[in-house]
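Structural overview for review
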Amino acid sequence: MAAYYNKNNPDQTETIVTLFDKTTSYSKDDDALGFIALAVHELRTPLTILRGYIEVLEDELSGKLSPELASFMQKMHASSQQLSSFVSNILNVARIEENQLFLQLHEENWEKVLKNILSDMALRAQVHGKKLEANIQPNLPAVGIDSVSMYEVVGNLIDNAIKYGGKSDKIIIRSYLRDDGTVETTVQDFGVGISDSILGNLFEKFYRNHRSRTHVGGTGLGLYLSKAIVNAHGGHIWVQSKEGQGSVFGFTLQQYSQLADKSKTADNSDIQRTAHGWIKNHSFYRR
Ligand code: ADP
């Protein structure tokens with residue numbers, strides 16, 4: 001701890017800098033994460049097979065099932081999607097820790113990408129009694145994104161809006177062009193909200209609000225991962241919330257033309273990044 005006070009300073013200001021060394025507490029988490037990631041990795045293959053067969057059964061049996069059985073099928077489908085998101089969250093956080101999460105940014109039509117994600121998430125929302133309402137500004141400029149990773153960001157924000165959405169069934173997703181030229185996307189729920197005192201902690205690894213710990217399942221990794229991915233895209237993620245009234249989570253993306261100016265090189269037309277920043281001349285892979 002460093003404290004500074006100058007009696008002769010006319011402003012009478014005082015500065016105190018306090019540093020906490022959390023290495024030991026973080027290294028415990030890191031060890032745990034390594035072990036969990038190892039175990040979770042083994043879930044990938046059986047889960048992919050289960051999801052595949054659920055989709056086949058759903059297609060084959062559509063229209064032939066009673067409403068009750070059809071709703072069981074939907075719940076199975078939504079739960080298998082949720083389990084997949086859990087698996088990719090854990091694996092991606094482990095990759096971030098080892099600086100092994102590589103992103104490849106492409107020129108994409110954000111409205112199209114976002115609508116695809118929303119149509120995938122609609123079932124999960126419906127199974128939990130929620131409705132997704134989209135409000136996307138037409139003719140948004142093309143953005144530079146790694147679609148698989150952005151799917152995870154939007155998926156995590158919507159998952160949270162479903163989990164913490166309380167009694168309200170409404171979740172609103174907006175996307176629009178900001179004055180600074182970035183494309184902003186927000187996910188708003190009208191649920192439990194978050195108190196001011198903990199807003200600053202939400203994006204930390206493993207952070208979970210003590211109130212949700214007991215009755216809502218989760219890992220405390222979703223927002224940490226989302227922030228790492230958005231930052232690697234050159235964007236910014238934020239939250240606004242009022243306890244008891246709901247929350248808005250938002251993030252910005254850069255237009256492809258802006259990104260391309262900055263990072264395209266003559267010999268390498270792809271824009272590649274890791275979650276910790278830029279990589280140059282590195283072959284892309286995403287396991
Ligand atoms: P998880 O949901 O798995 O706990 P996240 O990293 O996604 O982990 O979120 C961290 C914490 O932030 C959650 O435990 C919850 O307390 C809070 N939180 C996130 N999204 C919302 C939301 N939409 N409304 C209220 N609280 C939220």
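Described below are features of the structure shown in this document. Here the structure is a predicted model, which means the values were calculated and not measured.

**Brief notes about the pairing of strand β8 (residues 237–242)**
- Direction of pairing for β8 relative to strand β9 (residues 246–253): antiparallel, over a ladder of 6 bridges. Looking at β9, one finds that W238 is bridged to G250.

**Regarding the site of the ligand**
- D189, R208, N209, T219 and L223 are the nearest of the 20 residues found near the ligand.
- Interatomic distance of 3.1 Å between a backbone N/O atom of G220 and an oxygen atom of the ligand.
- Contacts to the ligand include L223, whose backbone N or O atom sits 2.8 Å from an oxygen atom.
- For the ligand, whose free accessible area comes to 540 Å², the fraction covered by protein is 98%.
- Among the secondary structure elements, those contributing two or more residues to the shell around the ligand are α5 (147–163), α8 (222–232) and β9.
- Across the shell around the ligand, the residue classes tally to 8 nonpolar, 9 polar and 3 charged.

**A short note on the side chain of N89**
- Counting through the fold element by element, N89 comes out in helix α3 (residues 67–97).
- Setting aside residues no more than four positions away along its own chain, N89 makes contact with N156, G222 and L225.

**Overview of the nonpolar core**
- Residues W110, M150, I158, L202, F249 and F251 are the most contacted members of the largest nonpolar core, which totals 57 residues.
- Other than its neighbours up to four places away in sequence, F249 contacts L157, T185, T186, V187, I194, L202, F203, L223, W238 and V239.

**A look at the packing of α3 against α8**
- Two elements in contact, α3 and α8, have axes whose closest approach is 10 Å; the angle formed by their N-to-C orientations is 55 degrees. Relative to α8, α3 is oriented oblique. Along this stretch, α3 crosses α8, giving a crossing that reads as left-handed. Residues N89, N92, V93, I96 and E97 of α3 form the contact with α8, whose own contacting residues are G222, Y224, L225 and A228.

**Quick notes on the environment of I198**
- For I198, the location among the structural elements is in helix α6 (residues 196–199).
- Residue class for I198 comes out buried when judged on its relative accessible area of 13%.
- Measuring from C-alpha to C-alpha, the distance between I198 and N209 comes to 7.7 Å, with 11 residues separating the pair along the chain.

**Overview of the packing of aromatic side chains**
- Counted by the stated rule, this structure contains 2 aromatic pairs.
- Summarising the aromatic geometry, the rings of W110 and F251 are spaced 6.2 Å apart at their centres and angled 85 degrees between planes, so their arrangement reads as edge-to-face. In this pair, W110 sits in helix α4 (residues 110–127) while F251 sits in strand β9, placing the two residues 141 residues apart along the sequence.
- Classification of W110 as buried rests on a relative accessible area of 1%.
- Residue class for F251 comes out buried when judged on its relative accessible area of 0%.
- On the basis of an interplanar angle of 70 degrees and a centroid distance of 6.3 Å, the ring pair of F203 and F249 is categorised as edge-to-face.

**Observations regarding the pattern of salt bridges**
- The full count for this structure, using the stated rule, is 6 salt bridges.
- For the salt bridge of R178 with D180, the shortest nitrogen-to-oxygen distance reads 3.0 Å.
- Assessed through its relative accessible area of 33%, R178 is described here as partly exposed.
- Its salt-bridge partner being R178, residue E184 comes within 3.5 Å of it at the nearest N-O pair.
- What makes E184 buried here is its relative accessible area of 6%.
- A single salt-bridge network, built from bridges that share partners, covers R178, D180 and E184.

**Focus: the sheet that holds strand β7 (residues 183–189)**
- In space, the 5 strands of this open sheet follow the order β4-β6-β7-β9-β8, with mixed pairing throughout. The open sheet has two free edges, formed respectively by β4 (131–136) and β8, since each of these has just one partner strand. For this sheet the average axis-to-axis angle between neighbouring strands, irrespective of direction, equals 15 degrees.
- On the sheet, α5 packs against β4, β6 (170–177), β7 and β9 and is oriented at approximately 170 degrees with respect to β9.

**Looking at the packing of helix α2 (residues 44–61) against α3**
- Between α2 and α3, the shortest axis-to-axis distance is 10 Å and the interhelical angle comes to 155 degrees. One way to sum up the angle between α2 and α3 is to call them roughly antiparallel. For α2 against α3, the interelement crossing comes out left-handed. Touching R44, L47, R51, I54, E55, L57, E58 and L61 of α2 are M73, Q74, M76, H77, S80, Q81, L83, S84, V87, L91 and R95, all from α3.
- Within the contact of α2 with α3, the residues separate by chemical class into 9 nonpolar, 5 polar and 5 charged.

Rules used in this analysis
Residues numbered from 1 in each chain as written. Predicted model: local features only at pLDDT ≥ 70, side-chain atom pairs only at ≥ 80, totals over all residues. Heavy atoms only, no water. Pairing = 2+ DSSP bridges. Helix = DSSP H or I, 4+ residues; strand = E, 2+ residues; numbered from the N terminus. Near = heavy atom within 4 Å. Polar contact = N/O pair within 3.5 Å; in protein donor to acceptor, adjacent residues only side chain to side chain. Areas by Shrake-Rupley, 256 points an atom, 1.4 Å probe, with all protein chains shown as cover. Nonpolar A, V, L, I, M, F, W, Y, C, P; charged D, E, K, R; others polar. Contact = heavy atoms within 4.5 Å. Core = buried A, V, L, I, M, F, W, Y, C linked by side-chain atoms within 4.5 Å. Buried < 20%, exposed > 50% of the residue type's maximum accessible area, 1.4 Å probe, protein only. Axes fitted to C-alpha atoms, helices over the stretch in contact; angles between N-to-C directions. Parallel < 35°, antiparallel > 145°, perpendicular 65-115°, else oblique. Left-handed = near helix turned anticlockwise from the far one by under 90°. Phe/Tyr/Trp six-rings, centres within 6.5 Å; stacked < 30°, edge-to-face > 60°. Salt bridge = Lys/Arg side-chain N within 4 Å of Asp/Glu carboxyl O.

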